[in-house]
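# Structural features, examined
Chain residues, written in single-letter form:
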Amino acid sequence: MLHVDFKKRLEHFELTVEFELRQEILALIGSSGSGKTTLLNCLAGINQPDQGEISLGSKHFYKDGQKPLKIQKRNVGYLFQDYALFPHWNVERNILSGLSRKADLTHVKELTELLGINALLQKYPHQISGGEKQRVALARALAAKPDILLLDEPFSALDDETRSRCQGELLRIHEVWQIPVIFVTHRKADAETLADRVIRIEKGQMTEQQRT
Amino acid sequence: MPYDVSPFFLSLKVAGISTFFVFITCLLLARFMAKKEFFGKSFVESLILLPLVLPPTVIGFGLIYLFGVNGPLGSLLEQWFGVRVVFTWGGAVIASFVVSVPLMYQSTLAAFEQVDPRWENVARTMGLSEWRIFRTITFPLAWPGIFAGLILSFARGIGEFGATLMIAGYIPGQTETVPLAIYFAYEAGQMGKAAFWVLIISSLGLAGISWLNYWRRKNSVRLGRE
């Protein structure tokens with residue numbers, strides 16, 4: 001269970017969030033600059049809240065008066081906006097970079113098969129399309145078997161057909177892996193298709209929305 | 001060979017050793033300055049870049065003051081290691097080092113700042129240690145800029161004249177680098193010898209810059225930046 005309850009002062013407003021999440025898919029919607037990515041960054045450990053608590057199971061990511069848990073120790077899979085693939089490594093090395101040399105790669109083989117990227121493994125990021133990058137970034141985020149998956153605008157650069165295929169893949173993966181998934185989107189339709197729950201954030205204030 | 005070529009090899013030796021130390025120093029300095037904010041940072045940066053705007057004679061004077069037999073650093077070097085740098089090729093290395101540091105520092109800092117912090121953050125979420133992130137992600141991605149800085153520093157080291165003349169002097173066969181050989185050949189009216197060295201150093205510079213441009217273009221394509 002993910003428990004999030006914190007405040008963080010941003011330039012024009014204070015981000016205040018409080019929610020709990022089981023092994024569900026949560027969509028964060030809201031206009032640009034409303035604090036959605038900051039929320040993901042606080043969960044990942046890239047930014048730190050000013051006060052409050054973030055925990056996943058028995059692991060405290062952040063708690064008042066304690067040193068925040070290092071990013072490396074959080075076991076978070078994070079798919080950044082524009083994917084942020086390492087440009088100097090091929091797809092295979094991008095996916096395997098977080099694993100030790102002795103790691104069992106069975107699940108990675110399953111992942112690359114599921115995502116249909118086996119044919120891309122020797123290619124470099126600048127040689128593949130936006131949709132392929134998205135699937136590679138998703139495989140990379142999942143390769144280390146994360147305890148939670150964070151996706152920042154994962155479908156924004158994709159055409160309708162690719163978006164629909166990638167969403168199907170995400171749902172299949174979630175079904176198998178059963179971990180909390182939080183994704184940021186501008187599109188209400190994406191939230192309706194994928195999410196079990198939807199939270200709207202506007203100027204740092206969150207409201208949970210009923211799914212239609 | 002029509003002339004004694006020892007100035008060429010001495011210049012390569014001086015520039016090579018100086019560039020090695022410039023590389024290590026600037027890598028650490030630029031990495032620190034790119035990551036840390038502290039009071040007086042702007043002043044420290046100004047100090048690092050100062051040799052860019054100082055006349056070579058001022059740098060030479062400062063080096064003689066510091067590394068002279070009675071200077072604060074010179075006396076320590078002599079006392080602890082029995083090393084004297086004034087009027088030796090070691091002095092030429094120090095002069096090259098001082099004038100090359102600003103060039104290398106600027107290139108390296110710009111190269112580190114160009115590396116998208118998201119790549120480092122992605123790597124952190126994947127559990128990579130800070131050292132591994134630097135070694136396998138930050139440094140390779142910054143390498144084209146760092147390498148350009150190395151070439152510039154080496155070229156600056158080869159071409160250093162004013163400060164070298166002041167601290168290392170002109171001792172043929174011992175501290176005679178190519179720029180000094182050109183100047184003293186010209187002074188002595190040996191125009192053929194001066195032109196020979198001018199041709200050598202110009203060709204070397206042109207070849208270096210052409211190759212660097214080619215290499216950077218090729219590397220940009222590989223990193224998907226074009």
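Residues numbered from 1 in each chain as written. Chains lettered and ligands numbered in written order. Predicted model: local features only at pLDDT ≥ 70, side-chain atom pairs only at ≥ 80, totals over all residues. Heavy atoms only, no water.

### Here's the deal with the overall build of chain A
Check the secondary structure of chain A and you find seven helices and 10 strands. For 212 residues, the compact-globule estimate of 2.2 N^0.38 gives 17 Å, and the C-alpha radius of gyration of chain A, at 17 Å, lies within 12% of that figure. Each of the three principal axes of chain A carries a C-alpha extent, and together these read 45 × 40 × 30 Å. Sorting the 212 residues of chain A into buried and exposed places 52% on the buried side. Put simply, of all contacts in chain A between residues at least 6 apart along the chain, 67% involve residues at least 24 apart. Surface summary for chain A: the accessible area is close to 9900 Å², and the carbon and sulfur share equals 45%. In chain A, the 29 positive side-chain charges and the 28 negative ones have mean positions that sit 6 Å from each other. (Helix = DSSP H or I, 4+ residues; strand = E, 2+ residues; numbered from the N terminus. Rg over C-alpha atoms; globule rule 2.2 N^0.38 Å. Buried < 20%, exposed > 50% of the residue type's maximum accessible area, 1.4 Å probe, protein only. Contact = heavy atoms within 4.5 Å. Areas by Shrake-Rupley, 256 points an atom, 1.4 Å probe, with all protein chains shown as cover. Lys, Arg positive; Asp, Glu negative; His and termini not counted. Charge placed at Lys NZ, Arg CZ, Asp CG, Glu CD.)

### Observations regarding helix α9 (residues 178–187) of chain B
When we look at burial in α9 of chain B, the residues that qualify are Val178, Pro179, Leu180, Ala181, Ile182 and Ala185 of chain B. A positive backbone phi angle near 75 degrees is found at Gly189 of chain B, which sits one or two residues after α9 of chain B.

### Quick notes on the pairing of strand β3 (residues 25–29) of chain A
Residues and elements named next belong to chain A. Burial within β3 is extensive, with five of its five residues counted as buried. Alternating residues of β3 divide into Ile25, Ala27 and Ile29 and Leu26 and Leu28, and every residue in both groups is buried. Taken together, the five bridges between β3 and strand β8 (residues 181–185) define a ladder with parallel strand orientation. Paired with Ile25 across the two strands is Val181, which belongs to β8. As defined by bridge partners, β3 adjoins strand β9 (residues 197–202) across four bridges and the pair is classed as parallel. Looking at β9, one finds that Ile29 is bridged to Arg200. (Pairing = 2+ DSSP bridges.)

### Section: the side chain of Thr164 of chain B
Residue and element names in this part refer to chain B. Along the chain, Thr164 falls in helix α8 (residues 162–168). The class for Thr164 is buried, based on a relative accessible area of 1%. With sequence-adjacent residues up to four places away left out, Thr164 is seen in contact with Ala92, Ala95, Gly169 and Leu180.

### Some remarks on the interface of chain A and chain B
Contact residues are listed per partner, giving 20 residues for chain A and 22 residues for chain B. Regarding the contact of chain A and chain B, the summed buried area is about 1900 Å², with carbon and sulfur atoms giving 64% of it. A per-residue breakdown of the area chain A buries against chain B is headed by Gln72, Pro87 and His88 of chain A, which together make up 30% of the total. Taken together, chain A and chain B are joined by zero salt bridges. Between chain A and chain B we count six residue pairs in polar contact (both at pLDDT 80 or more) in total. Looking at the side of chain A that touches chain B, the elements with two or more residues in it are α2 (71–74) and β6 (76–79) of chain A. (Buried area = accessible area lost by both parts, 1.4 Å probe. Salt bridge = Lys/Arg side-chain N within 4 Å of Asp/Glu carboxyl O. Polar contact = N/O pair within 3.5 Å; in protein donor to acceptor, adjacent residues only side chain to side chain.)

### Side note on the pattern of salt bridges
Taken as a whole and assessed by the stated rule, the structure comprises 13 salt bridges over all chains. Taking the shortest distance from any N to any O, the salt bridge between Arg187 of chain A and Asp190 of chain A comes out at 3.4 Å. Take Asp190 of chain A: its relative accessible area is 3%, and that puts it in the buried class. Note that Arg124 of chain B is salt-bridged to Glu130 of chain B, the shortest N-O span being 2.7 Å. Accessibility expressed as a relative area gives 35% for Glu130 of chain B, which makes it partly exposed.

### Side note on the nonpolar core
All names here are of chain A. Ranked by size, the top nonpolar core spans 62 residues in total, and within it Leu2, Val4, Phe19, Leu28, Leu39, Leu150 and Ile182 carry the most contacts. Those residues in contact with Leu28 that lie beyond four places of it in its chain are Lys36, Leu39, Leu40, Ile182, Phe183, Val184, Thr185, Ile199 and Ile201. By size, the runner-up hydrophobic cluster in this structure holds 37 residues, among which are Ile95, Val108, Val136 and Val198. (Core = buried A, V, L, I, M, F, W, Y, C linked by side-chain atoms within 4.5 Å.)

### Focus: the environment of Gly16 of chain B
Residue and element names in this part refer to chain B. Inspection of the secondary structure puts Gly16 in helix α1 (residues 6–35). Classification of Gly16 by relative accessible area gives partly exposed; the value is 31%. In sequence terms Gly16 and Trp131 are 115 residues apart; their C-alpha atoms lie 27 Å from each other.

### Quick look at the packing of helix α5 (residues 130–143) of chain A against helix α6 (residues 160–177) of chain A
Residue and element names in this part refer to chain A. With their axes 10 Å apart at the nearest point, α5 and α6 run at an angle of 15 degrees to one another. With respect to α6, the axis of α5 lies roughly parallel. Remark: the crossing between α5 and α6 carries right-handed chirality. Only Thr162, Arg165, Cys166, Glu169, Leu170, Ile173 and Trp177 of α6 make contact with α5, whose side of the interface consists of Gly131, Gln134, Arg135, Leu138 and Leu142. (Axes fitted to C-alpha atoms, helices over the stretch in contact; angles between N-to-C directions. Parallel < 35°, antiparallel > 145°, perpendicular 65-115°, else oblique. Left-handed = near helix turned anticlockwise from the far one by under 90°.)

### A look at the pairing of strand β1 (residues 2–9) of chain A
All names here are of chain A. Burial of β1 is one-sided: the residues Leu2, Val4, Phe6 and Lys8 facing one way are buried, the residues His3, Asp5, Lys7 and Arg9 facing the other way are not. Pairing analysis gives eight bridges linking β1 to strand β2 (residues 14–21), with the strands arranged antiparallel. Bridge assignment links Asp5 to a residue of β2, and that residue is Glu18. Counting the residues in the hairpin turn of β1 and β2 gives four residues. Of the pairings in the sheet, the one linking β1 to strand β4 (residues 51–56) comprises six bridges and is antiparallel in character. Bridging across to β4, Val4 finds its partner in Ile54.

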